[in-house]
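Close look at the chain arrangement
The lines below spell out each chain.
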Amino acid sequence: MGRATVRAFAREGARVGLIARDTEGLHVAAREVDELGGKGLAIPADVADANQVEAAAAQIENELGPVAVWVNNAMATIFGRVTDVTPEEYKRATEVTYLGTVYGTMAALRRMLPRNAGKIIQAGSALAYRSIPLQAAYCGAKHAIAGFTDSLRSELIHDNKKIHLTMVQLPAMNTPQFTWCRSKLPRHPQPVPPIFQPEVAAERIVWASHHNRREVFVGMPTVIAIEGNKIAPALADYYLGRTGFDSQQTKEEISKNRPDNLFDPLPGDFGPHGIFGQQAHEKAATTWLAEHRGITALVGAATLGALALVIKK
């Protein structure tokens, strides 16, 4: 998704600093920015290391100018039951997904606060509100990002700072993560349908950089999951307990020892898309929802009521 977002910003002529572990994909993405009309800068760094993030932010400002928009998007995950994931795996996934967001936000704030201007966008998820089985590490990190962002937002309001925070809550995306994530499952992991192409999220992230929104929901499934969980979380627990295992796996068996990128990046350039393109939607009713925020709760409530009726039947 980060790759699609970089392309979307580049089409606006943006100067884009890219921070990721040193991979072929990182450098190809930076070259794409130049080709699409922007200016790209690839900076190899591990976002789980605060010092590396700070050094990367300093290099970005030195070479590209003041940071106006900072997007935190890095993630790592493990698919598996809570009891099958090791402490070291939980630690790594949390450091990348949650602390990487914290470190990125802190590096951005050090530069934005003296100027009293800037936008920080957190790549969130419907799973920041509604956890699902087999992804405890990822769900926990996304919940933590939401809590951290809300705390910081209140502090900025107290200090009368003109730095805006937005969390973009995402649905299931067709990205390469399901090919390179660590998995303890017997079958190939997949996003829970319905699935969207990463360009759908990228368009919303770029949109958020031009609008002051507290949250942006991407796609109707995100609205249903978030708003529905507020109304009947126990019903969602039951539903996911019955469906959440099969819906996150294809029929293809895989080895538990397949290569993954949890601790070290995989070689090659994977691009923005995963292997579920034939199922993925290229559009979502996100612009209308963003501009009519009051209606989202009603949509979630109505859909949850219909779901409850189906389950009872």
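Quick word on the pairing of strand β2 (residues 39-44)
Bridging between strand β1 (residues 15-20) and β2 involves six bridges; their strand directions are parallel. Note that in β2 the partner of L18 across the bridge is A42. The parallel pair β1 and β2 is bridged by helix α2 (residues 24-35), and the resulting crossover is right-handed.

What to know about the side chain of T101
Examined against the element boundaries, T101 turns out to sit in helix α4 (residues 87-115). With near-sequence residues (within four places) excluded, T101 lies in contact with N72, V96, Q122 and I145.

Some words on helix α5 (residues 136-158)
Taking 1.5 Å per residue as the helical rise, α5 with its 23 residues ought to reach 33 Å, and the 33 Å between its terminal C-alpha atoms agrees with that figure. Looking at the packing, one finds that the buried side of α5 touches β4 (78-79), α4, β5 (118-123) and β6 (163-169). Count one or two residues on from α5 and you reach N160, which has phi positive near 55 degrees.

A word on the packing of helix α1 (residues 2-11) against α2
Contact geometry of α1 with α2 gives a least axis separation of 9 Å together with a crossing angle of 20 degrees. In this view, α1 runs roughly parallel relative to α2, as classed from their interaxial angle. By crossing handedness, the relation of α1 to α2 is classed as right-handed. Residue-level contacts link R3, V6, R7 and A10 of α1 to G25, V28, A29, E32 and V33 of α2. Classifying every residue of the contact of α1 with α2 by side-chain character gives five nonpolar, one polar and three charged.

Structural notes on the pairing of β6
Burial analysis of β6 places six of its seven residues in the buried class, the great majority of the element. Bridge count between β5 and β6: six bridges; the pairing is parallel. Each residue of the ladder has a partner; that of A123, found in β6, is V168. In the sheet, β6 pairs with strand β11 (residues 215-217) via three bridges, with the strands oriented parallel. Counterpart to V168 in the pairing with β11 is V216.

Examining the pattern of salt bridges
Taken as a whole and assessed by the stated rule, the structure comprises 18 salt bridges. Two residues, R3 and D269, come together in a salt bridge whose shortest N-O distance is 2.8 Å. Here R3 is found in helix α1, whereas its partner D269 is found in the loop between β12 (249-253) and α10 (286-291), with 266 residues between them in sequence. Residue R3 is classed as buried on the basis of its relative accessible area of 12%. Note that R214 and D150 form a salt bridge whose closest N and O atoms lie 3.0 Å from each other. One end of the pair, R214, is in the loop between α7 (198-208) and β11; the other, D150, is in helix α5, and 64 residues separate them in sequence. Using a relative accessible area of 40% as the deciding quantity, one classes R214 as partly exposed. You can call D150 partly exposed: its relative accessible area is 32%.

Rules used throughout
- The numbering scheme is per chain: residues are counted from 1 as the chain's sequence reads.
- The model is predicted, so local features are restricted to residues of pLDDT at least 70 and side-chain atom pairs to those at 80 or more, both for listing and for counting; the totals for chains, interfaces and linings are taken over all residues.
- For the side-chain quantities, the full set of heavy atoms in the structure was used; hydrogens and water were omitted.
- Between any two strands, pairing holds if DSSP finds at least two bridges.
- Only DSSP runs of H or I covering at least 4 residues are called helices, and only runs of E covering at least 2 are called strands; the numbering of each starts at the N terminus.
- When the strands point away from the viewer and the path from the first strand over the helix to the second turns clockwise, the crossover is right-handed.
- Whether two residues touch is decided by their heavy atoms; if any such pair falls within 4.5 Å, the residues are in contact.
- The span you would expect from a helix comes to 1.5 Å times its residue count less one.
- Every angle, taken between N-to-C directions, lies between 0 and 180 degrees, and every axis is a line fitted to C-alpha atoms, over only the stretch in contact when it is a helix.
- Here roughly perpendicular refers to angles of 65 to 115 degrees, roughly parallel to angles under 35, roughly antiparallel to angles over 145, and oblique to all remaining angles.
- By the definition used in this description, the sense in which the near helix is turned from the far one sets the handedness, with an anticlockwise turn below a right angle giving left-handed and a clockwise turn giving right-handed.
- Only Asp, Glu, Lys and Arg are considered charged, only Ala, Val, Leu, Ile, Met, Phe, Trp, Tyr, Cys and Pro nonpolar, and every remaining residue, Gly among them, polar.
- Type-normalised accessible area, obtained with a 1.4 Å probe on protein chains alone, sets the label of each residue: buried when under 20%, exposed when over 50%, and partly exposed for intermediate values.
- Here, a salt bridge means any Lys or Arg side-chain nitrogen found within 4 Å of an Asp or Glu carboxyl oxygen.

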